[in-house]
Amino acid sequence: MRKKRLKAISFLLIATLLMWVKTYVIYKSSFNIKIENFMQEFILFINPLSFLLFIFGIGLFLKEKNRNRYIIVTSFILTFILLANIVFYRFYSDFLTIPVLFQTNNMGDLGSSITSLIEPVDFLMFVDIIILIWLYKKQPSFRTDVTVSRKERAAYYLFVAATFFFNLGLAETERPELLTRSFDREMLVKNISLYNFHIYDGVLQSKQSAQRALADSNSLTEIENYVSANQTDRNEKTFGQAKGRNVILVSLESTQSFVINEKLNGKEITPFLNKLIKKSYNFTNFYHQTGQGKTSDSEFIVDNSLYPLGRGAVFFTNPSNEFTATPELLKDEGYHSSVIHANNKSFWNRDLIYDSFGYDKFFDIKSFDVNEENSVGWGLKDGPFFEQSAELMKSIPQPFYTRLITLTNHFPFDLDEEDKLIDEYDSKSKTLNKYFPTVRYQDEALKLFFKKMKEAGLYDNSIFVLYGDHYGISENHNEAMGQFLNKEITPFEEVQLQKVPFVVHIPGVTDQHPQEIDTVGGQVDIRPTVLNLLGIDTSKQIQFGHDLLSKDTNDFTVLRDGSFITKDSIFTDGVCYNKETGEPADDKAVCQSYEEKAKQELQFSDQIIYGDLLRFYDRNSPDHSPSKKEDKTELKKAS
Ligand code: GP9
Ligand code: MN
């Protein structure tokens with residue numbers, strides 16, 4: 001009896017086993033998946049199983065005769081998907097995604113060389129299918145032609161589900177928030193398999209396409225009206241103050257404002273920054289506005305002056321949207337644009353979205369000399385990163401706009417002994433304790449960077465824009481944070497802790513006339529503030545930011561969770577606080593007028609992203625005519 005049952009699925013199990021082994025062999029031989037410990041290797045090994053059992057198991061619903069054919073055809077299709085990924089990987093060292101398949105220019109590059117990318121050994125991939133066909137034809141005893149009952153099918157799929165959740169559970173412990181936060185393709189393949197990654201990608205894609213399909217040019221009218229009604233006048237005194245200079249933005253990893261001008265055991269945590277802000281425009285009421293996309297969200301905000309999404313990372317959900325990012329605006333002024341970051345180019349999908357933003361160049365990990373000695377935690381240490389970046393920057397055509405993204409001050413804040421310039425803090429939170437030495441290290445690296453910029457002759461003709469990308473210490477560490485700051489971390493304080501540094505240093509200008517600016521602002525304001533300093537008018541842009549140097553101040557910023565900050569109040573979790581006392585406000589009206597505005601802005605921004613609405617906006621045509629823009633998109637597609 002049992003033998004008969006097993007016989008019912010023997011062909012299916014053989015096919016699964018062959019495909020499982022094949023997938024693992026391909027993982028190891030054709031892709032460059034970094035494995036750091038045994039658990040990761042184990043997850044990689046088991047991850048194809050649940051999907052393969054699932055897909056082959058569909059055969060159990062088919063008539064006996066068709067079942068075997070289905071299994072062979074499925075093996076063939078899966079092999080083809082593997083092969084497509086292998087070939088694509090050879091060219092791009094990346095996995096296939098649906099947007100990539102439709103990126104005609106990418107595929108164009110690949111199309112011509114596709115034959116040269118296929119190697120003779122690839123045909124070995126079909127060996128297991130030949131075995132399957134041989135078994136099917138010559139070994140009837142292996143054929144699956146016994147009827148399977150409903151109960152048996154249910155039991156089978158229960159097992160499949162158990163396998164899947166076992167895999168996902170392990171993956172989640174190895175990489176928390178894998179599906180919602182960490183969107184690196186390599187990470188997904190490593191944890192949930194190449195097959196499930198494609199399904200995941202497909203779900204993202206269809207969700208997004210539906211919203212895009214429903215949008216038309218009218219969807220933008222209301223937003224356009226809102227944006228132009230909310231303009232602030234520019235400050236004529238600062239407008240153009242840095243005209244024609246190189247723009248060097250530095251994203252300070254996980255750096256919050258509370259470390260600035262603060263000491264630990266009598267030692268400054270950021271001695272260099274503390275000095276620099278005295279020779280700069282220093283914005284003291286400035287907040288990060290990131291969501292789950294963390295660093296990538298901050299990049300999105302800074303380059304577009306739009307809000308990130310409430311769920312997921314724009315970098316992953318909408319990489320092929322039409323954007324009017326800063327590189328595109330600066331191109332009109334003759335600027336070269338680049339990003340410098342020592343990580344895999346596909347991390348956060350950067351390689352794809354930077355193309356959409358119009359970047360000329362991405363100096364990724366391949367541009368750097370990275371080895372055991374100069375790495376810690378997430379990779380290349382900030383010191384050597386800045387040093388090597390300075391070298392790279394010498395070769396960029398001027399004027400340039402470049403964004404450098406630091407890495408060392410990243411959770412779990414690991415640091416080599418020799419780089420620890422201050423003590424760890426002493427509290428119950430290991431995370432907070434370790435945070436201070438890495439912030440201190442980053443500060444030292446910044447000092448080195450400025451020195452190198454001077455040596456490279458790039459200091460005087462540049463403008464330096466430094467900002468914190470997002471929080472480093474989450475609310476899970478409130479108790480320890482309270483101990484450090486010597487106050488209880490209430491929801492009101494929690495919002496205040498979302499403040500990050502924003503410093504604009506203009507050699508020859510701000511060192512003569514530094515200024516502390518307490519206007520309430522957020523990352524969306526970076527672009528209009530910086531571009532106005534360059535003397536570039538952004539009032540025609542669809543953007544939510546304002547020039548924080550403007551006299552006609554706005555004093556309002558909304559965080560991605562809907563909390564907002566104004567001159568006098570803070571609104572969070574439905575409570576309106578008086579900024580001065582930190583107590584719930586007696587007069588709710590101080591928040592009420594802003595509540596609608598906060599919701600509205602986030603909603604408008606979401607609509608722009610999900611609907612890909614900027615494809616209907618032509619900043620260069622006098623009436624921003626949507627129809628012309630549509631033509632432009634069509635033209636682009638056709639060429
Ligand atoms: C990775 C780095 C960190 O390249 O930017 O990303 P995060 O985890 O901070 O979003
Ligand atoms: Mn970050």
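Residues numbered from 1 in each chain as written. Chains lettered and ligands numbered in written order. Predicted model: local features only at pLDDT ≥ 70, side-chain atom pairs only at ≥ 80, totals over all residues. Heavy atoms only, no water.

S.K.: Lay out the coordination of the manganese ion (ligand 2) with the relevant residues and their values.
M.R.: For the manganese ion (ligand 2), the protein coordination sphere consists of E253 (OE), E253 (OE), T295 (OG1), D469 (OD) and H470 (NE2), at 2.0 to 2.4 Å. If you look at the manganese ion (ligand 2), its six donor atoms make angles of 56 to 165° with each other, and the shape they trace is irregular. Counting residues between consecutive donors of the manganese ion (ligand 2) along the chain gives the motif E-x41-T-x173-D-H. Here E253, found in the loop between strand 1 (246-252) and strand 2 (263-264), pairs with T295, found in helix 11 (residues 294-304); they are 42 residues apart in sequence, far enough to count as distant. The residues E253 and T295 share a single accessibility class, namely buried. (Donors = N, O, S within 2.8 Å, 3.2 Å for Na, K, Ca; no water. Tetrahedral: all angles 85-135°; square planar, octahedral: opposite > 155°, others 65-115°. Helix = DSSP H or I, 4+ residues; strand = E, 2+ residues; numbered from the N terminus. Buried < 20%, exposed > 50% of the residue type's maximum accessible area, 1.4 Å probe, protein only.)

S.K.: An account of the state of the cysteines is requested, with residue identities and associated values reported.
M.R.: One pass over the full model with this rule turns up one disulfide. With its sulfur 2.0 Å from that of its partner, C576 forms a disulfide with C591. Sign of the S-S torsion, about 80° for the bond between C576 and C591, identifies this disulfide as right-handed. Of the two residues, C576 sits in strand 18 (residues 575-578) while C591 sits in helix 20 (residues 589-610), which places them 15 residues apart along the sequence. Take C576 and C591: they sit in the same class, and that class is buried. (Disulfide = S-S within 2.5 Å.)

S.K.: Report on the UniProt feature "binding site: Mn(2+)" (unreviewed entry) in the protein, specifying residues and quantitative values.
M.R.: Under the feature "binding site: Mn(2+)" (unreviewed entry), the UniProt entry names E253, T295, D469 and H470. The annotated residues occupy 218 residues of the chain but converge on a single region, no pair of C-alpha atoms lying more than 7.7 Å apart. Checked against the lining of the largest cavity, the annotated residues reduce to E253, T295 and H470. Residues in contact with E253, not counting those within four places in the same chain, are T295, T406, L407, N409, H410, Q442, D469 and H470. Polar contacts involving the side chain of E253 include one to the side chain of S254, which spans 2.8 Å. On the basis of relative accessible area, D469 is assigned to the buried category, the value being 0%. Aside from chain neighbours lying at most four places away, what touches D469 is S251, L252, E253, S254, T255, H288, T290, T295, S298 and Q523. A polar contact is formed between the side chain of D469 and the side chain of T295, at a distance of 3.0 Å. (UniProt positions renumbered as here; feature names shortened; annotations may be inferred. 1 Å grid on protein atoms, 1.4 Å probe; cavity = no way out; pocket = protein on both sides within 12 Å on 5 of 7 lines; lining within 4 Å. Contact = heavy atoms within 4.5 Å. Polar contact = N/O pair within 3.5 Å; in protein donor to acceptor, adjacent residues only side chain to side chain.)

S.K.: Outline a nonpolar patch on the surface, listing residues and values.
M.R.: A surface patch of nonpolar side chains, about 340 Å² in accessible area, is lined by V121, L124, V127 and I131. Looking at the element boundaries, L124 is found in the loop between helix 5 (104-117) and helix 6 (127-138). (Patch = residues over 30% accessible without salt bridge, like charges linked within 9 Å, V, L, I, M, F, W, Y side chains within 5 Å. Areas by Shrake-Rupley, 256 points an atom, 1.4 Å probe, with all protein chains shown as cover. Salt bridge = Lys/Arg side-chain N within 4 Å of Asp/Glu carboxyl O.)

S.K.: Please give an account of the packing of aromatic side chains that cites residues and values.
M.R.: Enumeration over the complete set of coordinates arrives at 51 aromatic pairs. Their ring planes at 80° and their centres at 4.8 Å tell us that Y354 and F362 sit as a pair that is edge-to-face. Residue class for Y354 comes out buried when judged on its relative accessible area of 2%. On the basis of relative accessibility, which here comes to 15%, the residue F362 falls in the buried class. Consider the rings of F564 and F571, whose centres lie 4.9 Å apart with planes at 10°: the pair is stacked. For the residue pair F564 and F571, the accessibility class agrees, reading buried in each case. What links up through ring pairs into an aromatic cluster is the set F272, F368, F385, F386, F449, F450, Y459 and F464. The side chain of R234 reaches across the aromatic face of F239, ending 3.7 Å from its centre. One cation-aromatic arrangement involves K361 over F363; the distance from NZ or CZ to the ring centre is 5.2 Å. (Phe/Tyr/Trp six-rings, centres within 6.5 Å; stacked < 30°, edge-to-face > 60°. Lys NZ or Arg CZ within 6 Å of the ring centre and 35° of its normal.)

S.K.: I'd like a rundown of the site of ligand 1, residues and numbers included.
M.R.: Taken together, 13 residues surround ligand 1, and among them T295, H341, N343, R350 and H410 come closest. At a separation of 2.6 Å, an oxygen atom of ligand 1 approaches a polar side-chain atom of T295. Within the side chain of H341, an N or O atom sits 2.5 Å from an oxygen atom of ligand 1. Summarising the interface, the protein chains cover 99% of the accessible area of ligand 1, which totals 310 Å² for the free molecule. The site holding ligand 1 turns out to be the largest cavity. Residues of the shell around ligand 1, tallied by class, amount to four nonpolar, five polar and four charged. (Near = heavy atom within 4 Å. Sits in = over half its atoms within 2 Å of the grid points. Nonpolar A, V, L, I, M, F, W, Y, C, P; charged D, E, K, R; others polar.)

S.K.: Which residues make up the sheet that holds strand 4 (residues 281-283), and what values go with them?
M.R.: Across the sheet, which stays open at both edges, the eight strands sit in the order 7-6-10-1-11-12-4-13 with mixed pairing between neighbours. For this open sheet the edge positions go to strand 7 (361-363) and strand 13 (515-517), each flanked by a neighbour on one side alone. On average, each strand axis in the sheet is tilted by 15° relative to the strand beside it, whichever way the strands run. As judged from the three bridges shared by strand 6 (residues 336-340) and strand 7, these two strands associate in the parallel manner. (Pairing = 2+ DSSP bridges. Axes fitted to C-alpha atoms, helices over the stretch in contact; angles between N-to-C directions.)

S.K.: Describe the environment of N282, with residues and values.
M.R.: Its location among the elements puts N282 in strand 4. Expressed as a C-alpha distance, the spacing of N282 and S149, which sit 133 residues apart in the sequence, is 72 Å. Sequence-distant contacts of N282, defined by excluding residues within four places in its chain, comprise I277, F502, V503, Q515, E516 and I517.

S.K.: Give a description of helix 20 that names residues and reports values.
M.R.: Given 3.6 residues per turn, any residue in an α-helix points the same way as the ones three and four places further on. If you check helix 20, its first and last C-alpha atoms are 32 Å apart, about what 22 residues at 1.5 Å a residue would give, namely 32 Å. When helix 20 is considered as a whole, its buried residues turn out to be C591, K597, A598, E601, L602, F604, S605, D606, I608 and I609. D612 lies just past helix 20 and shows a positive phi near 50°. (Expected span 1.5 Å × (residues − 1).)

S.K.: An account of the domain arrangement of the protein is requested, with residue identities and associated values reported.
M.R.: When its domains are assigned, the protein resolves into domain 1 (2-209) and domain 2 (218-631). Taking only C-alpha atoms, the centre of domain 1 and the centre of domain 2 are 40 Å apart. (Domains from an automatic or database assignment.)

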